[in-house]
Every structure is written in structure tokens, then in C-alpha cells.
Amino acid sequence: MSEKMASKAAAQGVTRRELLKGTAALTGAAVGSGVIGAPMIWAQNLKDVTLNQVGPSYSVIADIAEKASADLGFKIVPQTSETTQLMAKVVNQPETIDIADLEFWGLQKVYRSGNLQPVDITKIKMWGDITPLMRDGKSFDGSDMARQGTLPVKVLYTDSAESTEFAAAPTGLATAMPTIYNADTLGIRPDLVGREISSWVELFNPEFKGKTALVNIPSIGIMDAAMALEARGDLKYVDKGNMTKEEIDKTIDALIALKKDGQFRAFWSTFDESVNLMAAGEVVIQSMWSPAVTAVKSRNIPCVYQGLKEGYRGWGVGMGLMRHLEGIKLEAAYEYLNWYLTGWQGAFIARQGYYSSVPETAKANLSENERGYWYEGKAATEDIKDPYGNIMDKAGSSRDGGSFEQRMGNIACWNAVMDEDRYMIQRWNEFVSS
Amino acid sequence: MSGRSSPSGSRLAPYLQVAPLAFLMLTMVGIPLVTVVMLSFWEFDGIAVYPAFTWANYAEVLGSPVTLKLFLATLKYALLTLVATTVIGFTCSYFLVFHVRSLKLQIGLFLLCTIPFWTSNVIRMVSWIPFLGREGLFNSMLIQAGLIDRPLDILLYSDFAVVLTYIHLFTLFMIVPIFNSMAKIDSNLIEAARDAGATPAQILWNVIIPLSKTGIALGSIFVVTLVMGDFFVVRVMSGGQSASVVSAMKNNIDQLYYPVASAMAVLLVAVVLLMVTAILRVVDIRSELAR
């Protein structure tokens, strides 16, 4: 049967490629039907490959896809989709995606759908250069990183191509290839706060009543709240990223009390909402993403991504390969993944405040001034520009929170999905509607 | 149909005429609705759903005090908006129909009412934010006029802002049907009432309102269904501080909890259907429209 089909395909190949030499045509047709593999022919066909990369707007960026397409010769089509929608797509419409840029908590949730295939790490040339933060869950001094929440390494490996479970220890098969990550904290308006802010507890300080905001993504908002409650001494969590029902109840009850007192001005859902709340002076301290702080700053409004003594909330993104990728498309996907680690993307993403999974290549692609500012915690020697060339910080200033090691080394918990997620969402809805 | 069609063809004609709409309703409303109802009984394990029959989703939705709270909050918005839009819609229509003598002016003014609709809902909604904000136009105006010395926080990110936006967005849906039924009122009726010695208030109460009730009912159906099904206005204008039934549904959908969201959706459809039935009970729209 398969022989018959192959010969039929070959026959069609000959008629379609009458101008080509017969042998080449036969080989090409055979490759096309997946019978044998000959890299020589792939180089020719690679140009026709199109890969759909889908992921959140801070990860899947048109400029990066364009540069990659130019360097690699095949086409990367970027499509943005926030993690929540992306999870739904991976589960329900896997065929619309080739490469999924999933946050690790999203990966934790959807990997068991079986719609992703593992990344063979032997095909990633620079796998060994990926930072131990991502690869092994080890900090800079070799000690274990905080394990609260979805520490990337917890969901980074799997045992076999068919398995939909995560492996406890590193294996040769990765569920995704780590790309970008950062340490999140609170954004503040130093001009309106008027004093030093050094602890998460300030989010719930009555001094800022009616001038604080939380992110309305339940799994992340509750963690910011937990950081503040723990700092206030309300309770000590075993794992802020995976609370027990009792811990969820205590957290939400405290939040409801704060809300009734008028502590919050808003709960934002989108990036631009958080920017506008801050820029308009509606809030002076709130949950925020790093590029949002940059966006406020580039409007000439003072805004600081304040490092706090209890530590940061970390997150990371990995590139996952969809299960349906095979043959030449899969090869192209691996080429793209390898390209991703070579530094151009790392440097681009550094300019919006994120770190690359291979910091060395990213640093090599940055100017000395940029490298000092973004990675080394040094004061800028000249103006710092964002990826699109707008000035975002003046010469002489340095990055909030300091160097790569100071920021990433001080992560207290990671964005996560809880086992009691369903219960948490229900209680979060109650909090918002109270 | 033309005379060329056979007798059997003419019997078919009404079915053919209704076919395009029936097809659209079936594919765009019927099938999705059936899917939602089906899904609300299915089992799920956190990411995937399995065909089965379980009451668990309903048990979760109905067993939670949040559901009642959400429905009450949404109903509160619907009622506040309904009252305000009815009063505004009725007054505007009354003015247009009974005070503006020239037909041209009437049409001109009516078109003025539609001008806000030349931009999108989202823009009309978002434009309130810089106006009402803490450092917004309205607050700075009040402060400069010396009426207040601290900005009013209640103007934005509050229930006030939500209802205000609803009124702004949906009043036209009230004006159009009320205007339409008022314009149909025979002026002789009003004259007769006046000749019989009725006061203007009596004319309004005993003649105009009863004859406008089809319009009020139709407008109410529009407004109620629009408010009950909204989540975007609530989210943006309350600054995420209030929830509606649909915004809670969205939180569930975002986490892939489709069956729970479906159960809530079915519940919402049931409540809205009840409300529409109640409105139709009060006013027999079909017979009134045939008038």
C-alpha cells in the first residue's frame, strides 16, 4: 500500500518536474512523501516552509520574526495571543499553531493535552549554554532556586516522546526550549509616593488607600497579594504558587476586607490599562510588567520598577513544538529554535527589560553601554533606547533592582497554576464582585 | 412570487422566503446554543472536556454564593440603566414628536441622536476615562470652580461610571422604538382628550404612555439584553472592581473551565428569557405592532 502510494507520488513528481533531472525529481518526491531523508534536497525546499509562531505580545514580536525569516530563508509568521487564549488554542485548535510560546505555568497546564512534542535537546546546539536558572533550576552560586510556584525546571523535562507527564529530573527531552524570563515586582510613581519603598507590604499600606491596583489575572494577582500579606505578617505560606484551600480562603478574605476599605483603585487586565492607571496618577503603587514601566517612563513620567526586600515574582517563556510538526517543517522549527539562541533575539528582548536563556550571546549583541545597563547593573554612559529607538532612560541612570544576578537571584516565587485553581478562580470572582 | 410559479411552488414560497434567516439563526444561534447546553453537562479534568452527563457544573455554579451575588450585581446594573434610559428616551421622543412642529427639523434632530453611533462603542466608552479620572477634565473643572477641594474618586472606576456608560451607550436603543410608536399616535386622539377637558398630565398618563408602551417594551428588551450580556464595560469602567455574570464567565474561560462557564451561560440565558417573557406578558408587542 505504502509502496504503491510512494510510486504514485513519484510518478506525479516526475510529471510536475519535467524540466528537472529525473533522479532529482524522484528523490524530491520521495522526500516529500516522507519515505527517505536527504538534507541536500531540504535546503532547496526549506524556502517554502512557513511556521506559525503564536504567543504573547511580549514574546512573539514581528521584528524578531522578520529578522529570523531573513536570516533563515523560510518564513516565520508571528501571531500574538495572550497566554490564556493560547492555552485554549493549543488544546482545541493545535493545527493552527506550529510553535507555541508558552509561559511555564501555561505549559504546566496544557502539556498533558498531548498536543505538543518534546524538544530533542541534542538538536539544540547551545542547550549546554542555556542558563542554569532555566535548565537546572540552580541559582548563580549553584544553590537551588526558590521552588514556590512553577519553577521552570519543574515542567521543563519529560521522559518520552509520548509521555504527557513531567520528569522529576533533567532528561534529554524538553517540553519546551526556554527563551525569555524576568523578575517581576511592583511599579511605583516615586514623585507621588514621596518616600523610599522597600517592601511588598506597602501595596496594602493605608497610606495609599484608593491608589493601589492589582493585576486581574487571578493566578498572578493572588500571588502579588500573597507577597504583600506575607510581608504584613498575616500568614506564612507553604507555597504561594500552590496554596491550600485554607490559604486561599485566608488570602481572599483579607483581600475582600481591603477592598471594602477602599484600598484598591482598580484591577487591571491589559498592559495598556496598567500603563494608563500609572501615567494618569490614578494609582501610585501596583502590580506591573517591566515594559509597562518603560512605557510610562517614555512619556516622561517618573516610574520605578521597585525591587523589594522579600524578593521578586519570576516568570519565563518556553518555545514548544506542536505535535503535528514533522519532516522538513520540524527541521525548520529546530533551525529557528537554534537561531533564537544566537543572540540577536536576546539583545532585542533585553532592550525591553527581559533576559535571554543564553545570556552570553545576548550580551555579545548589545553595546557595552547597553550590556552594563541591562545586565550588569551599571549606570548608563549614554541614553538608553528601547527596541524601537525611543529614549527610555537618560545617561547616568541605572536599572531598577540592579544587575542580572541581583534581580534573578532574588526570586521568591514563580508564576504558577495551583492544584486548587478552580476553587481559587471561584473565590477570586467573589473578591472582584464583593 | 410571480405568476409563473406552479401552485406547489407558491406553497413553497413562504418557506423559501424564511429560509435564509432560518439558516442563519440555526447555524449562528441554534448550533452554538445547543453546544453550550451540551458542554454544561460534560465532565472535564482541568483542560479537556469529556462527553458525559453530570450535574457537577450546575452544582458548582448554583452552590456558590458568588453566583447569586453576580446575578444581583448584573440585575442592579440592568435596572438602573433601564430606568434612566426609559426616562431619557421617553422625554427625548416626546420632545421630538409633540414639540417639534416641522418634519424636517424632527428628522434632523433625530439624526443628531445617532451621531454618537458614528464611532465605535469602545471609543465612546473609553472617552469617559480621561473626562472622569482623578486628574480628569470634570474633576479639575470642579476644583477650579471651587466646588470641591479634593478630586471625587467616585466618578471613575465605580458603579457610577459603569451605569453612566451604559446609559450613554444604550439610550438610543430606547429612543428609536419609543419615537416610532409615539409618531404613530393619531393627533386627533390628543385633541379629543383636550376637548373633553383632560389636563396635560392626564393626556400624558392616559393617552400617550399607554400608546407608547410597545416602544418602551421593545426598548427595554434591547437594553436589558445588552446590559445582561456585557462584560467589557463593567471591566473597563469599574476598573475591574466590579464583576458581572459574563466577566466571571470570562475568568473561567481564560482558565479553560468551559463546562462551568457553559453552566453559567445557560443560567444567564434562562434569566434573560424570563425577563423578556415578563416584558412580553405586560405588553403584547405582536398585536400592538399589527395595529
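Note that the coordinates shown come from a computational prediction; the quantities given were computed from them, not determined experimentally.

Turning to the overall build of chain A, a few remarks are in order. Helices and strands together make up the secondary structure of chain A, namely 18 helices and 18 strands. By residue count, 49% of the 434 residues in chain A fall in the buried class. In chain A, of all internal contacts separated by at least 6 residues, the share reaching a separation of at least 24 is 68%.

Okay, the overall build of chain B next. Assigned secondary structure in chain B consists of 14 helices and 2 strands. Computed over the C-alpha atoms, the radius of gyration of chain B is 24 Å, more than 25% above the 19 Å expected from 2.2 N^0.38 for a compact globule of 291 residues. With the principal axes as the frame, chain B shows a C-alpha extent of 80 × 70 × 35 Å. Taken over 291 residues, chain B has a buried fraction of 30%. Contacts in chain B between residues far apart in sequence, at least 24 positions, make up 69% of those at least 6 positions apart.

Turning our eyes to something else, we now look at the interface of chain A and chain B. Opposite the 29 residues of chain A that make contact, chain B presents 25 residues. Of all the elements in the fold, those that place two or more residues in the side of chain A that touches chain B are helix H5 (83-92), helix H6 (104-110), strand E11 (264-268) and helix H18 (421-433) of chain A.

The subject of this paragraph is the UniProt feature "domain: ABC transmembrane type-1" (unreviewed entry) in chain B. Under the present numbering, the feature "domain: ABC transmembrane type-1" (unreviewed entry) in UniProt falls on residues 71-279 of chain B. In this annotation, residues 71-279 of chain B is assigned 77% helix and 0% strand; the end-to-end C-alpha distance for the span is 19 Å.

This brings us to the environment of A:Tyr157. Residue and element names in this part refer to chain A. Within the secondary structure, Tyr157 is located in strand E6 (residues 157-158). Placed 181 residues apart in sequence, Tyr157 and Asn338 show a C-alpha to C-alpha distance of 18 Å. Setting aside residues up to four positions removed in sequence, Tyr157 forms contacts with Phe166, Ala167, Pro170, Thr171, Leu173, Ala174 and Thr175.

On to the UniProt feature "transmembrane region" (unreviewed entry) in chain B. All names here are of chain B. On the UniProt side, "transmembrane region" (unreviewed entry) is annotated at positions that read residues 21-42, 77-97, 109-131, 160-179 and 256-283 here. The straight-line gap between the two end C-alpha atoms of residues 109-131 is 26 Å; of that span, 70% is helix and 0% is strand. Between the end C-alpha atoms of residues 256-283 the distance is 41 Å, and the span holds 89% helix and 0% strand.

So, about the confidence of the model for chain A. Mean pLDDT over chain A works out to 88, with 90% of the residues at or above the 70 mark. Overall, residues 1-38 of chain A carries pLDDT values under 50, and its contacts beyond four positions in sequence, including any with other chains, amount to 27 contacts.

All names here are of chain A. When cut into domains, chain A gives domain 1 (2-37), domain 2 (48-182 + 314-352) and domain 3 (186-310 + 403-433). The C-alpha centroid of domain 3 is placed 27 Å from the C-alpha centroid of domain 2. Taken together, the contact between domain 2 and domain 3 spans 18 residues of the former and 17 residues of the latter. For the side of domain 2 that touches domain 3, the elements supplying multiple residues, two or more each, are H6 and strand E14 (312-322). Take the side of domain 2 that touches domain 3: its biggest share by element is 3 residues, from H6. Residue composition of the side of domain 2 that touches domain 3, grouped by class: 8 nonpolar, 8 polar and 2 charged.

When glycine is set aside, most residues are seen to have a negative phi, and most peptide bonds are trans. Phi at B:Tyr157 takes a positive value of approximately 55 degrees, unusual for a residue other than glycine. Take B:Tyr157: it is sitting in the loop between helix H7 (137-144) and helix H8 (159-183).

For the rest of this paragraph, the subject is the environment of A:Trp344. Residue and element names in this part refer to chain A. With respect to the helices, strands and loops of the structure, Trp344 is situated in helix H14 (residues 344-350). Note: C-alpha distance between Trp344 and Lys363 (19 residues apart in sequence) is 9.5 Å. Once residues lying within four places of it in the same chain are set aside, the contact partners of Trp344 are Lys67 and Asn365.

For a regular strand, the rule is simple: side chains alternate between the two faces of the sheet. Residues and elements named next belong to chain A. Two strands pair when backbone bridges link them, and strand E1 (residues 50-55) and strand E2 (residues 75-80) are joined in this way by 6 bridges, in the parallel orientation. The partner of Gln53 across the bridge, within E2, is Pro78. In this fold, the crossover linking E1 to E2 by way of helix H4 (residues 62-72) has right-handed handedness.

Residue and element names in this part refer to chain A. Ordered in space as E11-E10-E12-E9-E13, the 5 strands form an open sheet in which the pairing is mixed. Two strands close off the open sheet at either side, each with one partner strand: E11 and strand E13 (304-306). Between one strand and the next, the sheet's axes are offset by a mean angle of 25 degrees, whatever the strand orientation. Alignment of strand E9 (residues 186-188) against E13, held across 3 bridges, turns out to be antiparallel. From the neighbouring strand, Ile188 faces E13, where its bridge partner is Val304.

For the rest of this paragraph, the subject is the confidence of the model for chain B. Here chain B averages 89 in pLDDT, and 96% of its residues register 70 or above. We note a pTM of 0.80 for the whole complex and an ipTM of 0.76 for its interfaces.

What counts, and where the lines are drawn
- Residues numbered from 1 in each chain as written.
- Chains lettered and ligands numbered in written order.
- Predicted model: local features only at pLDDT ≥ 70, side-chain atom pairs only at ≥ 80, totals over all residues.
- Helix = DSSP H or I, 4+ residues; strand = E, 2+ residues; numbered from the N terminus.
- Buried ≥ 20, exposed ≤ 12 C-beta atoms within 10 Å, placed from the backbone.
- Contact = placed C-beta atoms within 7 Å.
- Rg over C-alpha atoms; globule rule 2.2 N^0.38 Å.
- UniProt positions renumbered as here; feature names shortened; annotations may be inferred.
- pLDDT = per-residue confidence, 0-100.
- Domains from an automatic or database assignment.
- Nonpolar A, V, L, I, M, F, W, Y, C, P; charged D, E, K, R; others polar.
- Pairing = 2+ DSSP bridges.
- Right-handed = clockwise from strand over helix to strand, strands pointing away.
- Axes fitted to C-alpha atoms, helices over the stretch in contact; angles between N-to-C directions.

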